[in-house]
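Coordinate analysis (summary)
In case you want the letters, here they are:
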Amino acid sequence: MTFSRSILSFRSALFFSGVLLATTAATAAGNHAGGHHESPIGKPGVATKVTRTIQVDMSSGMRFKPSDIRVKQGETIRFVLKNTDSVKHEFSLGTPQELLEHYEVMKKFPDMEHDEPNKISLAPGKQGEVIWQFTQAGAVDFACLHVGHFDAGMKGVVKVAAK
């Protein structure tokens, strides 16, 4: 009896994993018109099309400097990020909802590594970059989503002026 329940539980978990994978693949494939919809925060930038470089310091006191950045719609920005603090920090671009959702995941998996073009994690003393094209006017938020950092106020905004 226990053996049968174990197999049934395994099959249920396998089925659920398959459904989740299929749903994720369908969502990643884009909209029904056949292409990816454009994110409200823009899209990954191309290094050869960088229009400006902005230095951002991830500093002690759980702050980004600067935390208020202004760009123009269509600009491709190279963010050069330097962690001058003694703890690991992250730079993550997103909508407020995306950042909050990702923060909840980070609380469950604090050692999560990122491989997305709009995020970078940096150890103390390290430097890295994010290249991003801002395709829509409005505000794009950024934050450090390591546990406790977001709550301590380690966040900022990129204000994107219309063309």
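Residues numbered from 1 in each chain as written. Predicted model: local features only at pLDDT ≥ 70, side-chain atom pairs only at ≥ 80, totals over all residues. Heavy atoms only, no water.

**Considering the sheet that holds strand 4 (residues 68–72)**
Sheet architecture is open: five strands sit in the order 4-10-9-6-7, paired in mixed fashion. Sheet topology places strand 4 and strand 7 (119–122) at the edges, where each strand pairs with a single neighbour. On average, each strand axis in the sheet is inclined to that of its neighbour by 20°, with strand direction left out of account. Pairing between strand 9 (residues 138–143) and strand 10 (residues 155–161): six bridges, direction antiparallel. (Pairing = 2+ DSSP bridges. Helix = DSSP H or I, 4+ residues; strand = E, 2+ residues; numbered from the N terminus. Axes fitted to C-alpha atoms, helices over the stretch in contact; angles between N-to-C directions.)

**Comments concerning the pairing of strand 6 (residues 89–94)**
Judged by how many residues are buried, strand 6 sits mostly within the fold: six of six residues are covered. Sheet topology places strand 6 next to strand 7; four bridges connect them, and they run antiparallel. If you follow glutamate 90 over to strand 7, its bridge partner there is serine 121. Bridge count between strand 6 and strand 9: three bridges; the pairing is antiparallel. Paired with leucine 93 across the two strands is phenylalanine 142, which belongs to strand 9. (Buried < 20%, exposed > 50% of the residue type's maximum accessible area, 1.4 Å probe, protein only.)

Limitation: the analysis is restricted to geometry and does not speak to function.
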